[in-house]
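Spelled out, the chains give:
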Amino acid sequence: MKVTDYLSQSSGTLVSIEIIPPLKGVGIESIYASIDPLMEFNPIAINVTYHREEYEFKKMPNGLLKRYSVRKRPGTVGITAALVNRYQIDAVPHLICGGFSREETENALIDLNFLGINNILALRGDSVNNERKFVPEPDGNVYALDLIRQITDMNNGLYMYEELVNATKTDFCIGVAGYPEKHFESPNLSTDLKYLKMKVDAGANYVITQMFFDNKKFFEFERRCREVGINVPIIPGIKLISLKKHLNLIPSVFHAVIPEELSAQVEKCRDNSEVRQVGIEWATQQCKELIEHGVPCLHFYTMAKSHGTKKVLESLF
Ligand code: FAD
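To start, this report covers the structure provided alongside it. (Residues numbered from 1 in each chain as written. Predicted model: local features only at pLDDT ≥ 70, side-chain atom pairs only at ≥ 80, totals over all residues. Heavy atoms only, no water.)

1. Quick notes on the site of the ligand
- In the region of the ligand, 23 residues are neighbours, and Tyr50, Asp126, Tyr179, Asp192 and Lys199 sit closest.
- The separation between an oxygen atom of the ligand and a polar main-chain atom of Ala144 is 2.9 Å.
- Burial of the ligand by the protein amounts to 88% of the accessible area it has alone, namely 970 Å².
- When residues of the shell around the ligand are traced back to their parent elements, those giving at least two are strand 5 (90-96), strand 6 (119-123), helix 5 (144-155), helix 6 (189-201) and strand 8 (206-211).
- Sorting elements by how many residues they give to the shell around the ligand places helix 6 first, with three residues.
- Among the residues forming the shell around the ligand, the class breakdown is 12 nonpolar, six polar and five charged. (Near = heavy atom within 4 Å. Polar contact = N/O pair within 3.5 Å; in protein donor to acceptor, adjacent residues only side chain to side chain. Areas by Shrake-Rupley, 256 points an atom, 1.4 Å probe, with all protein chains shown as cover. Helix = DSSP H or I, 4+ residues; strand = E, 2+ residues; numbered from the N terminus. Nonpolar A, V, L, I, M, F, W, Y, C, P; charged D, E, K, R; others polar.)

Shown next as structure tokens:
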């Protein structure tokens, strides 16, 4: 079923979870172990993130630099298929522009369609660790907007080459990313919302937000979205602080501000088990207020760790 069908058929707040594939070499059981404890809360879907390989450069004896891969994660298509099979649940693979030609993207979409997976979260992706700004493949999509257009074309039966045999219409439901505190490259929220609106006009069916720790940011973002005519469901993304180092990591990697009150509480903790408790309590309060506000769904960035999310869900439902 499509994510938007779940949202339109429910009057209450639903739950979805997001997992990150483990590094290659770790088995699928590690993913199951992080999902199993959350299944009693009936998530509508499990999102599976996609990560480009990370590279480093080594100087060779001849003075030339050799590029080698340091972090590889298994492909999203295989993991989503395994999750659908094990849990009979809808899985939402993340598809990114970075590292993919348009033809490779088309092939991935054909594979997903073949497997009966009809939900996609369409993203641009970030730059790889040795690049200062995002560089698309020479023949790849540049913005999430271009990827959405490619998916929408396939939904209308338009593939890259007219000669393709059996070019049937796909039926993908498309989610996109939104940023309550604006995307870090964007000069301001108005500009960012202009592009978010273009993504929706191009066929995006719903928005999942970047994590945020101050609900006022989400409420204002939602208000501004409605003001500019973005009328699709907006799902808040929730992340639990669980380590002291998150105070620096989250703002630098995800560009989300940690409110002073939350950082003061974390600073006071003597160890990470106390931090985890602070994170659970903060996220629980956030979620209670978001439910009261009437959000259609809460999307948990579990990062493949279920303990904290389970505690939050136990207090909510
Ligand atoms: P876009 O919507 O393309 O926007 C990128 C920037 O360009 C923004 O500043 C925007 O304002 C601007 N822009 C957009 N369109 C145009 C245009 N047509 N012309 C000029 N400027 C434009 N990353 C991963 O690598 N893998 C994942 O699995 C992943 N999952 C995510 C899930 C969620 C819910 C979220 C919120 C983010 C996720 N990310 C993931 C991170 C995401 O890839 C980065 O934030 C990335 O920098 C931007 O992606 P986007 O799809 O928002 O890009």
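2. Re the packing of helix 7 (residues 215-227) against helix 10 (residues 272-293)
- Following both chains from N to C, one finds helix 7 and helix 10 inclined at 30°, their axes separated by 10 Å at the closest point. Put simply, helix 7 runs roughly parallel to helix 10. Considering the relative orientation of helix 7 and helix 10, their crossing is right-handed. Between helix 7 and helix 10, the residues in contact are Asn215, Phe218, Phe219 and Glu222 and Gln286, Glu289, Leu290 and His293, respectively.
- Here the contact of helix 7 with helix 10 is composed, by residue class, of three nonpolar, three polar and two charged. (Axes fitted to C-alpha atoms, helices over the stretch in contact; angles between N-to-C directions. Parallel < 35°, antiparallel > 145°, perpendicular 65-115°, else oblique. Left-handed = near helix turned anticlockwise from the far one by under 90°. Contact = heavy atoms within 4.5 Å.)

3. Regarding the environment of Pro296
- Summarising the element assignment, Pro296 is placed in the loop between helix 10 and strand 10 (297-301).
- Residues Pro296 and Ser8 lie 288 residues apart in sequence; the distance between their C-alpha atoms is 8.7 Å.
- Among residues more than four places away in sequence, those in contact with Pro296 are Leu7, Gly12, Thr13, Leu14, Pro233, Ile234 and Ile235.

4. Points about the pairing of strand 2 (residues 45-48)
- Going residue by residue along strand 2, you find Ala45 and Asn47 tucked away on one face and Ile46 and Val48 tucked away on the opposite face as well.
- In terms of strand pairing, strand 1 (residues 14-19) meets strand 2 through three bridges, oriented parallel. From the neighbouring strand, Ile19 faces strand 2, where its bridge partner is Val48.
- Between the parallel pair strand 1 and strand 2, the chain is carried across by helix 2 (residues 29-35), and the sense of this crossover is right-handed. (Buried < 20%, exposed > 50% of the residue type's maximum accessible area, 1.4 Å probe, protein only. Pairing = 2+ DSSP bridges. Right-handed = clockwise from strand over helix to strand, strands pointing away.)

5. Remarks on the packing of helix 6 against helix 7
- Direction vectors running N to C along helix 6 and helix 7 enclose 55°, while the axes themselves pass 10 Å from each other. With respect to their mutual orientation, helix 6 and helix 7 come out oblique. Classified by chirality, the crossing of helix 7 by helix 6 is right-handed. Side by side, helix 6 and helix 7 meet where Leu189, Ser190, Leu193 and Leu196 of the first sit next to Phe221, Arg224 and Cys225 of the second.
- In terms of residue class, the contact of helix 6 with helix 7 is made up of five nonpolar, one polar and one charged.

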